[in-house]
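# Residue-level structural notes
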Amino acid sequence: MSDMNALLDPARFADLTTRAARDPETFWSDEARRLEWIAPPSHARNGRGWFSDGLLNASANCLDRHLATRGDKVALIFQGEDEDTVLRLTYRDLHAQVCRMANVLRDHGVGKGDRVAIHLPSVPEGVIAMLACARIGAMHVVLFGGFSAEALADRLADSGARLVITADMGRRGAKQIPLKATMDRAIALRGESVETVLVVAVTGEDAPMTPGRDHALTPLLEVASAACTLEPMSADDNLFLLYTSGSTGKPKGMVHATGGYLLWAAYTHALAFDHREDDVFWCTADIGWITGHSYLTYGPLANGGTILIFEGMPSHPHPGRWWDVAQKHRVTTLYTSPTAIRALMREGDDVPARHDLSALRVLGTVGEPISAEAWTWFSTVIGKGRCPVVDTWWQTETGGIMIAPIPGSGTAKPGAAMRPLPGVQPILLDERAQPITGAGEGVLCITNAWPGQARTIWRDDALFCTTYLDPYPGYYFTGDGARRDEDGDLWITGRVDDVINVSGHRIGSAEIEDALAAEHVFAESAAIGIPHDLKGQGIVVYVVPRETAAADDAERAEALAKQAIAAVGKRVGRYAAPEQVFVVPDLPKTRSGKIVRRLLRKIACNETEGLGDLSTLADPELVPALIAKILG
Ligand code: 6R9
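Since the model is a prediction, treat every value here as computed from it, not as a measurement.

Calculation notes
Residues numbered from 1 in each chain as written. Predicted model: local features only at pLDDT ≥ 70, side-chain atom pairs only at ≥ 80, totals over all residues. Heavy atoms only, no water. Buried < 20%, exposed > 50% of the residue type's maximum accessible area, 1.4 Å probe, protein only. Helix = DSSP H or I, 4+ residues; strand = E, 2+ residues; numbered from the N terminus. Pairing = 2+ DSSP bridges. Right-handed = clockwise from strand over helix to strand, strands pointing away. Salt bridge = Lys/Arg side-chain N within 4 Å of Asp/Glu carboxyl O. Axes fitted to C-alpha atoms, helices over the stretch in contact; angles between N-to-C directions. Near = heavy atom within 4 Å. Polar contact = N/O pair within 3.5 Å; in protein donor to acceptor, adjacent residues only side chain to side chain. Areas by Shrake-Rupley, 256 points an atom, 1.4 Å probe, with all protein chains shown as cover. Nonpolar A, V, L, I, M, F, W, Y, C, P; charged D, E, K, R; others polar. Contact = heavy atoms within 4.5 Å. Domains from an automatic or database assignment. Buried area = accessible area lost by both parts, 1.4 Å probe. UniProt positions renumbered as here; feature names shortened; annotations may be inferred.

## Here we look at the pairing of strand β22 (residues 440–446)
- Most of β22 sits inside the fold, with five of its seven residues counted as buried.
- Of the strand pairs in this sheet, strand β21 (residues 426–429) and β22 are connected by four bridges, and their pairing is antiparallel. Note on β22: the bridge partner recorded for P426 is I446.
- Summarising the sheet, β22 and strand β24 (residues 476–484) pair through six bridges and their orientation is antiparallel. In the strand pairing of β24, E441 is matched with R483.

## Some remarks on the pairing of strand β19 (residues 362–366)
- In terms of residue burial, β19 counts as a mostly covered element, since five of its five residues are buried.
- Residues V362, G364 and V366 of β19 are buried on one face, and the alternating residues L363 and T365, pointing to the opposite face, are buried as well.
- Inspection of the sheet shows strand β18 (residues 333–336) paired to β19 by four bridges, in the parallel sense. Within β19, the residue paired with Y335 across the bridge is G364.
- Viewed along the sheet, the connection from β19 through helix α14 (residues 372–382) into strand β20 (residues 389–392) turns out right-handed.

## Side note on the pattern of salt bridges
- Under the definition given, this model contains 47 salt bridges.
- In this structure, E150 engages R571 in a salt bridge whose closest nitrogen and oxygen atoms are separated by 3.7 Å. Here R571 lies in helix α17 (residues 554–571) and E150 lies in helix α6 (residues 149–159), a separation of 421 residues in the sequence.
- We note a salt bridge from D279 to R361, for which the minimum N-O separation is 3.0 Å. Of this pair, D279 sits in the loop between α9 (258–272) and β16 (280–283) while R361 sits in the loop between α13 (350–353) and β19, and the two are 82 residues apart along the sequence. The exposure classification of D279 matches that of R361, with both residues buried.
- Three or more residues joined by partner-sharing salt bridges are found here, namely E150, D154, R190, E519 and R571.

## What about the sheet that holds β24?
- Strand order in the open sheet formed by four strands is β21-β22-β24-β25, and the pairing between neighbours is antiparallel. Edge positions in the sheet fall to β21 and β25 (490–495), since each of these pairs with one other strand and no more. Neighbour-to-neighbour, the strand axes of the sheet open up by a mean angle of 45 degrees, direction not taken into account.

## What to know about the site of the ligand
- Inspection of the region around the ligand gives 17 residues, with T392, T396, D480, R495 and R506 positioned closest.
- Separating a nitrogen atom of the ligand from a backbone N or O atom of P369 is a distance of 3.5 Å.
- Here an oxygen atom of the ligand and a side-chain polar atom of T396 are 2.5 Å apart.
- Protein chains bury 97% of the 530 Å² of accessible surface belonging to the ligand in isolation.
- Within the residue set of the shell around the ligand, elements represented by two or more residues are α10 (290–302), β20 and β25.
- The class makeup of the residues in the shell around the ligand is six nonpolar, six polar and five charged.

## A few points about the sheet that holds β18
- Within the open sheet, the seven strands sit side by side as β5-β4-β17-β16-β18-β19-β20. Their pairing is mixed. One side of each edge strand has no neighbouring strand; the edge strands of this open sheet are β5 (86–90) and β20. Geometrically, the sheet is characterised by an average inter-axis angle of 20 degrees between neighbouring strands, direction not taken into account.
- Two elements, strand β4 (residues 74–79) and β5, share five bridges in a ladder whose sense is antiparallel. Of the residues in β5, the one forming a bridge with Q79 is V86.
- Against the sheet, helix α11 (residues 321–328) contacts β4, β5, β16, β17 (306–310) and β18, and its axis sits at roughly 155 degrees relative to β17.

## Concerning the domain arrangement of the protein chain
- In terms of domain boundaries, the protein chain breaks down into domain 1 (10–312 + 392–446) and domain 2 (499–631).
- If you average the C-alpha positions of domain 1 and of domain 2, the two centres end up 35 Å apart.
- Counting from both sides, the interface comprises 18 residues of domain 1 and, opposite them, 15 residues of domain 2.
- Counting the surface lost from both domain 1 and domain 2, the interface buries some 1100 Å², and carbon and sulfur atoms represent 47% of this.
- Our enumeration of links across domain 1 and domain 2 arrives at three salt bridges.
- Here R506 ties to E397 by a salt bridge, and the two come within 3.0 Å at their closest N and O atoms.

## Considerations on the environment of S294
- As for its placement among the helices and strands, S294 is situated in helix α10.
- What makes S294 buried here is its relative accessible area of 0%.
- With 33 residues separating them in the primary sequence, S294 and Y261 have C-alpha atoms 8.6 Å apart.
- Residue contacts for S294: discarding those within four places in its chain leaves Y261, A265, G299, P300, W394 and G399.

## Quick look at the UniProt feature "domain: AMP-dependent synthetase/ligase" (unreviewed entry) in the protein chain
- As annotated in UniProt, the feature "domain: AMP-dependent synthetase/ligase" (unreviewed entry) corresponds to residues 64–449 in the numbering used here.
- For residues 64–449, the helix share is 33%, the strand share is 23%, and the end-to-end C-alpha distance is 30 Å.

Now the structure itself:
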């Protein structure tokens, strides 16, 4: 085991890949020794389950097991929005804080299997709360701070959370985000299951408190014991649920189980980032997304690493803020998104050039395809050509990284997610669901099971099957398309379903359309993604007003467009706000009534050459009319 974290070379990579494919049972049973077990598992896979008879606790794996050897090692560095707010917690400190938090949760009646909603900005309490839930066997449900009250309400109701941890305020640069007030509205809407709300004082602002239900967290932590027994969990017991978007309007609560998920987070973190003992690992993701679960929290802490949490934004209060943070804390590994890279790139090369980034060793990206231009900038301007750039492809559903050019496995190409990790067997299928061997482009599926795979969708296993397992029987369907080049390397081309990827955030077109349908002025709508320089994709919405004449009345149309944008902000969140709204008399549909999004995308992108055969549309005349209306 001891050489497991050593930099791979192509031969060792090939050997691991072969062993994992030939005998997964032995390979994963060996790998499971990365974790500390209360009772070790006697076997690896068991249907959808993994390590089923093993007992462990995720928080013990991230904390207790390190106390003897790494008790005084810094586990967590927090850099606040204010330059002078810096907190360094050793493993011993973090362990004590997690125990206190876990005791507070227990005192409020939370136990194994209960759901706890965590709704916080990027502050240490987020990670502490996640680990506290894991310690007592409660499932955490982290809710993104950018969700609207409506979006929060849906997720509270679906998860049945008993307890909510939120903050008085969040900060985004100079802006204040009223988290508690938004959560209050969400609970009033559909939060019947919520018995207790614990409030973290982030800005110290006076937040409205409901007596009996709401409590300031700090005083409770101060009196809580720093010792807390842990709940032994079966490897197949649920660790958390996290909502993500798919093709249906309803958000899906992806369920991850303890043993398989934790192993996947630890294994992939060690391999993909060539993890070393003295690394300072900065994952810039919010804990509201899966990346903040696997690589801000579980992966690096299970491996005994040092994580950095930064409360602020890339370019606030000045364009070099991120590079200040990287320099000050001697960051070795920076894991971020193409969206952030594009924004930082715009500030000019002289901004990072004024900083000492010599501690950097490995750079990673995730969330959306990265262009060759952004990849090259990251590699040369930030990595000075010395740091491997690991473009990691994975999903909420996969639990952790699946396809990436892992350091030492061979040469990387700008923009290619490259090769599957050992233990992952991707396949490309053509439109007849036949495997594409050799070079070609198709839908990306995975042929085998892997420990990090989500177990189900919370309270909707049928949807899990119809979404992932049934479309291509025998395979896990990712929802993405990919191309394989002559060297056998994979290039992710983007979603093949109705999921839009805005700045790395997944948004289902149906979520937007449902928000618009709730405004009774719209008879119908269609949301599509189009290329956007900074965000990767931007949302464009076509709405058909009930009052058909409004589409031809410029003033009415403008008011309706504003109403559409407000509706999306209200029901989904402002992060999903459409870039453009077209008020149109009708939508192009097939004779069977399916909206032809391909055409809407082409019109929005001003690509009206070669629209293809329109004769199969229910109303072929509509398309030229839309083009005339929108493009003039
Ligand atoms: C981890 C995460 C998953 C979707 C995925 C794909 C896109 C993620 C990517 C990438 C190209 C990469 N995606 N990483 N596309 N290259 N390196 O992002 O999870 O929020 O569930 O999104 O993001 O489309 O299907 P999640």
